[in-house]
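Understanding the architecture of this molecule
Each chain, written out:
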Amino acid sequence: KQEVTQIPAALSVPEGENLVLNCSFTDSAIYNLQWFRQDPGKGLTSLLLIQSSQREQTSGRLNASLDKSSGRSTLYIAASQPGDSATYLCAVPRVPIQGAQKLVFGQGTRLTINP
Amino acid sequence: SQTIHQWPATLVQPVGSPLSLECTVEGTSNPNLYWYRQAAGRGLQLLFYSVGIGQISSEVPQNLSASRPQDRQFILSSKKLLLSDSGFYLCAWSTGSGNQPQHFGDGTRLSIL
C-alpha cells in the first residue's frame, strides 16, 4: 500500500530565502509525482508533474526533483516571497494506472514566508 | 483552455437532509473525473472516480454516491447527511490518456448541523 509523507508539517522562513520541501513515498513503482499548492479555503493548484523517467522538472522559481530508488521528491523554491505562503502537497497515483489516476496525497507542508 | 467549476462554494445542511454537489468541466472531452474529501486535520481522500458517462467507481464505503449524467458533469449526492459528512469536497479532472496532471476545482465547504 502506497503511503506518502511530508516533513515538516509546517515551515516558517524569512522572505528571500531559498527553501526545500520534502516528500517521501513507500512504493518506488510510481508513474509520476505531482506537486500542488493549496491556499486557505481554496482548491488545489497543480504546480509540477514529474514523470517517473525524469529527474527534474522546473517552472519559474520552482524546481522539483525525483529519486525513485530512494522514494523521495523535493520541491525547491528559489527567492521565496510572501505570496508563496500556502500549503504544499505532493501526490502519487496508485499503481497500476487503469485509466483513472487514484492519487495518494501527503498531509502537506504549511509554508509561511515572513516579510 | 480547460476550466472546472464547482458549486455551491459553501453549504450548511441539517443532519438527515439530502445533498447534491455539482462539478462541470469545460474545454475537454471524455475527461476522467474525481471527487475527493478533505476533512479537518486529515489528508485528501479519493471518494469516487469516473472514466466515462455512467461509469462510477467508489473508493470507500460511505453515505455518499456519485453520478455522471453527461460527459463533463459529475455530481456528488446523499439521501441523508450525517455529521461525519462535513468537510471540504473537491472535484478534479484529468485527461483520459493517463499519466497526466489532475486539475482541481475551488471546492465546496460542507457543514452539517
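Now for a quick tour of the structure. Everything numeric here is computed off the predicted structure, so don't read it as measured data.

Each value, and the rule that gives it
Numbers given for residues are sequential positions, taken from 1 along each chain in its written order. Lettering of chains starts at A and numbering of ligands starts at 1, both following the order in which they are written. In view of the model being predicted, local features appear only for residues whose pLDDT reaches at least 70, and side-chain atom pairs are presented and counted only at 80 or more, with totals across whole chains, interfaces and linings using the full set of residues. Heavy atoms from the whole structure form the basis of all side-chain values; hydrogens and water molecules are not counted. Buriedness of a pocket was judged along seven lines, with at least five required to meet protein on both sides within 12 Å; pockets are open sets of points on a 1 Å grid over the protein atoms alone, cavities are sets where a 1.4 Å probe fits but cannot get out, and lining residues have an atom within 4 Å of a point. Grid points are joined across faces, edges and corners, and a volume is the space filled by probe spheres set on the points. Under the scheme used here, helices are H or I runs from DSSP no shorter than 4 residues and strands are E runs no shorter than 2 residues, and both carry numbers assigned from the N terminus. Each residue gets one label: Ala, Val, Leu, Ile, Met, Phe, Trp, Tyr, Cys and Pro are nonpolar, Asp, Glu, Lys and Arg are charged, and the others, such as Gly, are polar. When the sulfur atoms of two cysteines come within 2.5 Å, that pair is taken as a disulfide. Remark: exposure states derive from per-residue accessible area (1.4 Å probe, protein chains only) relative to the maximum for the residue type, with buried under 20%, exposed over 50%, and partly exposed in between. The criterion for strand pairing is that DSSP finds at least two bridges linking the strands in question. Pairs of N or O atoms within 3.5 Å make up the polar contacts considered here, provided that, within protein, one atom can donate a hydrogen while the other can accept it, and that residues adjacent in sequence are counted only when both atoms are side-chain atoms. Residues are treated as being in contact if the distance between any of their heavy atoms lies within 4.5 Å. What counts as a ring pair is set by centres within 6.5 Å for rings of Phe, Tyr and Trp (its six-membered ring), and what kind of pair is set by the plane angle: stacked under 30 degrees, edge-to-face over 60, tilted for all other angles.

1. What to know about the layout of surface pockets
For the largest pocket, the calculated volume is near 600 Å³. Taken together, 22 residues form the lining of the largest pocket, with Val104(A), Gly43(B), Leu44(B), Gln45(B) and Leu46(B) sitting closest to its centre. Secondary structure elements with two or more residues in the lining of the largest pocket: strand S1 (4-5) and strand S10 (103-105) of chain A together with strand S5 (44-52) of chain B. Of the residues contributing to the lining of the largest pocket, the split by class is eight nonpolar, eight polar and six charged. Estimated volume of the second largest pocket: approximately 440 Å³.

2. Considerations on the state of the cysteines
Evaluated as defined, the whole model comprises two disulfides over all chains. Paired through a disulfide, Cys23(A) and Cys90(A) show a sulfur-sulfur distance of 2.0 Å. The sign of the S-S torsion, about 85°, decides the handedness of the disulfide formed by Cys23(A) and Cys90(A): right-handed. Of this pair, Cys23(A) sits in strand S3 (residues 19-25) while Cys90(A) sits in strand S9 (residues 86-93), placing them 67 residues apart in sequence. Cys23(A) sits in the buried class, given a relative accessible area of 2%. Here Cys23(B) is linked by a disulfide to Cys91(B), with a sulfur-sulfur distance of 2.0 Å. Judged by the torsion about the S-S bond (-75°), the Cys23(B)/Cys91(B) disulfide is left-handed. Remark: Cys91(B) occurs in strand S9 (residues 87-94) and Cys23(B) occurs in strand S3 (residues 19-26); sequence separation between them is 68 residues. In this structure, Cys23(B) and Cys91(B) share a single accessibility class: buried.

3. Description of the sheet that holds S1(A)
All names here are of chain A. An order of S1-S3-S8-S7-S6 is seen for the five strands of this open sheet, with the pairing classed as antiparallel. The sheet is open, and its two edges are formed by S1 and strand S6 (56-59), each paired on a single side. Relative to strand S8 (residues 72-77), S3 runs antiparallel, the two being bridged by six bridges. For Val20, the partnering residue across the bridge sits in S8 and is Tyr76.

4. Regarding the side chain of Arg37(B)
Residues and elements named next belong to chain B. On the secondary structure map, Arg37 appears in strand S4 (residues 32-38). Look at Arg37 and you get buried, because its relative accessible area is 13%. A polar side-chain atom of Arg37 sits 3.0 Å from a polar atom in the side chain of Tyr89. The contact partners of Arg37, leaving out residues within four places of it in the chain, are Gly43, Leu44, Gln45, Leu47, Gln62, Leu64, Ser84, Asp85, Ser86, Phe88 and Tyr89.

5. What to know about the environment of Leu75(A)
All names here are of chain A. Looking at where Leu75 falls in the secondary structure, it is placed in strand S8. Along the sequence, Leu75 and Arg37 sit 38 residues apart, while their C-alpha atoms lie 11 Å from each other. The residues contacting Leu75, other than those within four sequence positions of it, are Leu19, Val20, Leu21, Trp35, Leu47, Leu48, Leu62, Asn63, Ala64 and Tyr88.

6. Describing the packing of aromatic side chains
Tallied over the full model, the rule gives seven aromatic pairs over all chains. A ring pair is formed by Phe36(A) and Phe105(A), whose centres lie 5.6 Å apart and whose planes are at 40°; its orientation type is tilted. Placement of the pair is Phe36(A) in strand S4 (residues 32-38) and Phe105(A) in strand S10, with a sequence separation of 69 residues. With respect to burial, Phe36(A) and Phe105(A) carry one shared label: buried. Members of the aromatic cluster, connected to one another through ring pairs, are Phe36(A), Phe105(A), Tyr34(B), Tyr36(B) and Phe104(B).

Just distances and angles here, no functional claims.
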